[in-house]
Each structure stands twice: as C-alpha cells, then as structure tokens.
Amino acid sequence: MAKSPSFSCTSCGAVHSKWSGRCDACGAWNTIQEDAPLSTGPSKKTLGGARGAQVALTDLAASEAPPARQASAIAEFDRVLGGGLVPGSAILVGGDPGIGKSTLLLQAAARFAGAGMKTVYISGEEATAQVRLRAGRLGLADAAVRLGSETNLRDILTTLDAERPGLAIIDSIQTMWLDTVDSAPGSVSQVRAAAHELVTHAKSRGTAVILVGHVTKEGQIAGPRVVEHMVDTVLYFEGERGHQFRILRAVKNRFGPADEIGVFEMTGTGLGEVTNPSALFLGDRETPAPGAVVFAGIEGTRPVLCEIQALVAPSPHSQPRRSTVGLDGGRLAMILAVLESRCGIPFAGLDVYLNVAGGLRVGETGADLAVAAALLSAREDVALPPDTVVFGEISLSGALRPVTQTESRLREAAKLGFTSALMPERSKTGPDTGIEARKMPDLPALAGGLFGAG
Ligand code: TYD
Ligand code: MG
C-alpha cells in the first residue's frame, strides 16, 4: 500500500495529516505543504530479526574534563552563548532577512579566527567577492577566516571533513540542498535533512556549527523553527526596522541560561556592542511626559531599564484601537480589563497605544504594573515623577504580586540615577539600595494614590 502523504507547516514544523489553509499549531496561514518523502529511510515497519551492535554505556560522573569553551571576545555574543562557544555544538541563529545576521556572524568569525580557532564561513547566498566586500567595509579584510560560496551540502561536508575547522558558519540553511532529497532548497524536507547532516557532522567531528535561518512569512521557504529541536542552542536576532538597536536573544540553550540577551547597535561599520543597554534605552528620554514610565526589567540574568509609553485618546471608531509595539497585546487587554473592573476606570471609547522605546521587546509579566501606570498616567494626563522606576505583576483580582530579582532591579535603577521605585507590597528589598521603595498592595491603591482616579 502506498504511504499516504503527510503535510507539515513550513513555519513551525508541525505535522498534519491533511492540507489546510491555517496551521493549528502556530496559527500561520498558507504555510502547510505536502512533504516530499525522504529518499533514505526505513523501508520496513519493524527492525526484523537482525541484531545491532551493543552501545557502550558510561557513567554520568565521567573523569574527562568538560570541553573548554572558546570566547569570541565579543562579550555580548559570548554572554548569549552562555560564556563562549562549546566545541561540537550546533547553534541556530534566526532572524528576519536584512536584520544583520550575516554581519554579526562575519564579525564573530573574524574574532574567533583572531583567537586562533580555524574558522570556515560558507555562504550560500553571496559570492565570495561579496563577502569580501562586506568584510572590507567592516574593517575585517585581514581576518584569517576561510571563505566558501557553495550550496551543495555533499561538497560542503567533504570540505569540512578535509579542513577540520573548529567553527563552521553556514549562511543560510535555507539555501543548502542534499542530492538525496527530491525537493527544492528551502523546503521543509531539505532544510530538515541539511540541518540533520550538519548537526551530525558537528557532533562526530567536534566542529561547532552555526546555522543561519531566515524567518519567513510565506510558505515557500521553511522557517528556522523547523530545525529548532535539532540544535543545541537557538538564538534569535531581532530589532525594529528604523531602530539601530539589535538584540540577540537565546530562546534555547543546552549550555547556558535561556532568555539571555546581547545588545548591539548597527552602525556604518557593522555591529557595535552595547555594554550598558539601560543607559541606551533611556538615553534620549525627554522631560517627564504623561504616559511615559520607566520599567525596571530583567532580561536573562541582567537588569535592563526601558521606557514604556502609552497614549490614550478618544476613539472615532465604534471599535476602539488597541495597538502595542514590543509588548504582548493579550497582556494589555488583561490589564485594561483589571483597571476597568477592579478600579472602575473605563477605557471604552478610547484608543490605546502602547510602545516600548528603543525597539526592545518585553515579555516579562513584571512589566504589568509599569504598563498600568503608563495607561493611567496617559489617561489622567498626570506625569509620574521622573526619578521613579516601576515593576510588578498584576493578578486578575487587582492585587500586585512581587517579581524576581527585586534587588538587582533596584541596584540598576540606582546606578542610573533613579531615587524611588513603585513595587508590589510583598517585594523583598535589600538593605540599602539607595532607592526609596514605595510599596503598593493593589492596583486601586496605585490608581487612587498616584493619579486620583477610580
Ligand atoms: P545582513 O547582515 O546582510 O542581514 P541578514 O544576513 O540578516 O539578511 O545585514 C544587512 C543590513 O545591515 C543592511 O540593511 C545594511 C545593514 N548594514 C549596516 O548598516 N552597516 C554595515 O556595516 C553592514 C555590513 C550592514
Ligand atoms: Mg545574510
């Protein structure tokens, strides 16, 4: 009996038994495609009677030293990797086209090569002359990086086998193809098979492999999510268009903390490191304006201060607008509902716009109180004192819940010249942070006490 076709989503890789217009798993439209069968694969259902070789098992407490990490000397990049590159690891760097992945990895490659690691950069998108041109612009023309321009994975693997580099960068996984798979480069089966070959190569030869993956909206090209589960580390490079800041975020890391971020700035000569992101995100703050609130957040292991801005205006539409940039829209809806039902402050008939300044994306629930304060401040047209930071989680009852790492948030705020902090009542503040802690039991206390609303 012929095997029935299977379908998978090119965005998240979810497998479906039939085609449909929308993927149930990730909600994307027009991303489901029929899978081309892998030409290599099991032909029988069971393994049969043949015996395999016995696998040698070892103890968890091995006597060998853990593999030494290699630092790139780009501190923000090493931080996101969890303290440097682990030999033999497979890393995926995903991001929108044009965000700066090739630039970042060329700079990292040059640094690794400079530190004495044999580094190979294979571009499937640009000719070697174009990569050289870019390297010249970045001031890296003399770096000892070995360049190749190729998309045939069989040739690439043969080359890597001969060269035995410490690090191989494959830009991008969507341009690679295997001659054993009958589908176009960029399709789910090609991307999966190519990533599998490269990850296997990394593990068996001890070469660290960095795969570049473009995030795509259309269904023609498989997105990086398709290979997320195969690699050790998944990094996403993100940033708002029109902002020069770029954030490299670890969403999965087998060798370090996830959620760690590295902050970069795109300049005319490549990406520069931003060692003090709080100062940068608050850098161009104007005089205290209604609707602007400084949120003391935590990104990974590091405190980051940023400004949350709200605008509340009468709506000309029957269905008022709720628009967010850098924050979750669902979370805004929840906070508006709590303000409305627990504090009696209606937002019906009002358009609400919310923005995180500088292009940062805040996913922490600890931003709730800052969002509520920004909304109230905008609605009542009352500015918060300029030297105040805000953090705390709001529960549906309107009560405020303490968040983690209160002390390091306060220390970061003190470092940047803030003198007081609005926070939930049960927050554990340290002995002397130099910040006046203004503790609030619930949201009505904030609305009434600070803004005279509710
Ligand atoms: P690129 O690394 O090619 O993006 P990706 O590989 O993610 O598709 O980056 C392209 C963008 O970066 C392009 O819009 C121009 C900008 N850029 C600079 O601003 N300065 C530079 O020095 C370089 C090399 C690129
Ligand atoms: Mg590129």
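Above this text you will find the structure in question.
Computed from a predicted model, the values in this text were never measured in an experiment. (Residues numbered from 1 in each chain as written. Chains lettered and ligands numbered in written order. Predicted model: local features only at pLDDT ≥ 70, side-chain atom pairs only at ≥ 80, totals over all residues. Heavy atoms only, no water.)

If you had to explain the overall build of the protein to someone new, which residues and values would you point to?
Secondary structure assignment for the protein yields 10 helices and 21 strands. Its C-alpha atoms give the protein principal-axis dimensions of about 75 × 55 × 50 Å. Among the 454 residues that make up the protein, the fraction classed as buried is 49%. Nonlocal contacts in the protein, meaning residues at least 24 apart in sequence, comprise 66% of its contacts between residues at least 6 apart. Accessible surface, the protein: about 21500 Å² in total, of which carbon and sulfur atoms supply 52%. Each charge class in the protein was averaged separately, 43 positive and 47 negative side chains, and the resulting centres sit 5 Å apart. (Helix = DSSP H or I, 4+ residues; strand = E, 2+ residues; numbered from the N terminus. Buried < 20%, exposed > 50% of the residue type's maximum accessible area, 1.4 Å probe, protein only. Contact = heavy atoms within 4.5 Å. Areas by Shrake-Rupley, 256 points an atom, 1.4 Å probe, with all protein chains shown as cover. Lys, Arg positive; Asp, Glu negative; His and termini not counted. Charge placed at Lys NZ, Arg CZ, Asp CG, Glu CD.)

Any details on the pairing of strand E20 (residues 420-424)? Residues and values, ideally.
Counting buried residues along E20, 5 of its 5 residues qualify, which places the element largely inside the surrounding structure. Sheet analysis places strand E17 (residues 388-390) next to E20, joined by 3 bridges and oriented parallel. Looking across to E20, one finds that Val390 is bridged to Leu422. Pairing of E20 with strand E21 (residues 436-440) involves 5 bridges; the strand directions are parallel. Bridge pairing links Met423 to Lys439 in E21. (Pairing = 2+ DSSP bridges.)

I'd like a description of the packing of helix H4 (residues 153-163) against helix H5 (residues 188-205), backed by residues and values.
Relative orientation of the contacting elements H4 and H5 amounts to 10°, with a least axis distance of 11 Å. The orientation of H4 relative to H5 falls into the category roughly parallel. Facing Leu153, Leu157, Leu160 and Asp161 of H4, the residues of H5 in contact are Ala194, Glu197, Leu198, His201 and Arg205. (Axes fitted to C-alpha atoms, helices over the stretch in contact; angles between N-to-C directions. Parallel < 35°, antiparallel > 145°, perpendicular 65-115°, else oblique.)

Tell me about the site of ligand 1, and name the residues and values.
Taken together, the neighbourhood of ligand 1 is formed by 17 residues, with Gly98, Lys101, Ser102, Thr103 and Gly270 sitting nearest. Measuring from an oxygen atom of ligand 1, one finds a side-chain N or O atom of Arg134 at 3.1 Å. Here an oxygen atom of ligand 1 sits 3.2 Å away from a polar atom, N or O, in the main chain of Gly268. Protein chains bury 73% of the 560 Å² of accessible surface belonging to ligand 1 in isolation. For the shell around ligand 1, the elements supplying multiple residues, two or more each, are helix H2 (101-114), helix H3 (128-137) and strand E11 (261-267). Broken down by element, the shell around ligand 1 gets its largest block of residues, 3 residues, from H2. Taken together, the residues that form the shell around ligand 1 break down as 4 nonpolar, 9 polar and 4 charged. (Near = heavy atom within 4 Å. Polar contact = N/O pair within 3.5 Å; in protein donor to acceptor, adjacent residues only side chain to side chain. Nonpolar A, V, L, I, M, F, W, Y, C, P; charged D, E, K, R; others polar.)

Please set out empty space enclosed by the protein residue by residue, giving values where relevant.
Unfilled space is identified by rolling a water-sized probe across the atoms. Within the structure shown, the criterion is met by 3 cavities of 30 Å³ or more. Within this model, the largest cavity holds a volume of roughly 70 Å³. Lining the largest cavity are Arg285, Pro288, Ala289, Ala292, Val293, Val294, Ala383, Leu384, Pro385, Pro386 and Thr388. Looking at the lining of the largest cavity residue by residue, the classes come out as 9 nonpolar, 1 polar and 1 charged. One number sums up the size of the second largest cavity: a volume of about 40 Å³. (1 Å grid on protein atoms, 1.4 Å probe; cavity = no way out; pocket = protein on both sides within 12 Å on 5 of 7 lines; lining within 4 Å. Points joined across faces, edges and corners; volume = space filled by probe spheres on them.)

Can you lay out helix H8 (residues 368-380) for me, pointing to particular residues and giving the numbers?
A turn of α-helix holds 3.6 residues, and therefore any two residues three or four places apart point the same way. Given a rise of 1.5 Å per residue, 13 residues ought to cover 18 Å, and the 18 Å separating the end C-alpha atoms of H8 matches this to within 8%. A large share of H8 lies buried, amounting to 11 of its 13 residues. Asp368, Leu369, Ala370, Val371, Ala372, Ala373, Ala374, Leu375, Leu376, Ser377 and Ala378 are the residues of H8 that are buried. Looking one or two residues past H8, Asp381 carries a phi angle of roughly 60°, positive in sign. (Expected span 1.5 Å × (residues − 1).)

I'd like a rundown of the environment of Pro424, residues and numbers included.
Along the chain, the position of Pro424 falls in strand E20. The contact partners of Pro424, leaving out residues within four places of it in the chain, are Phe391, Gly392, Glu393, Leu400, Arg401, Pro402, Lys439 and Met440.

Tell me about the environment of Val234, and please be specific about residues and values.
Summarising the element assignment, Val234 is placed in strand E9 (residues 233-238). Between the alpha carbons of Val234 and Glu299 there is a distance of 16 Å; along the sequence they are 65 residues apart. Those residues in contact with Val234 that lie beyond four places of it in its chain are Leu92, Glu228, Arg249, Ala250, Val251 and Lys252.

Pulling in residues and values, what's your account of the pairing of strand E8 (residues 208-214)?
Within E8, 7 of the 7 residues are buried, leaving the element largely enclosed by the surrounding structure. Relative to E8, strand E7 (residues 167-171) runs parallel, the two being bridged by 4 bridges. Opposite Ile170, over in E8, you have Leu211 as the bridge partner. Note that the unit made of E7, H5 and E8 has a crossover that is right-handed. (Right-handed = clockwise from strand over helix to strand, strands pointing away.)

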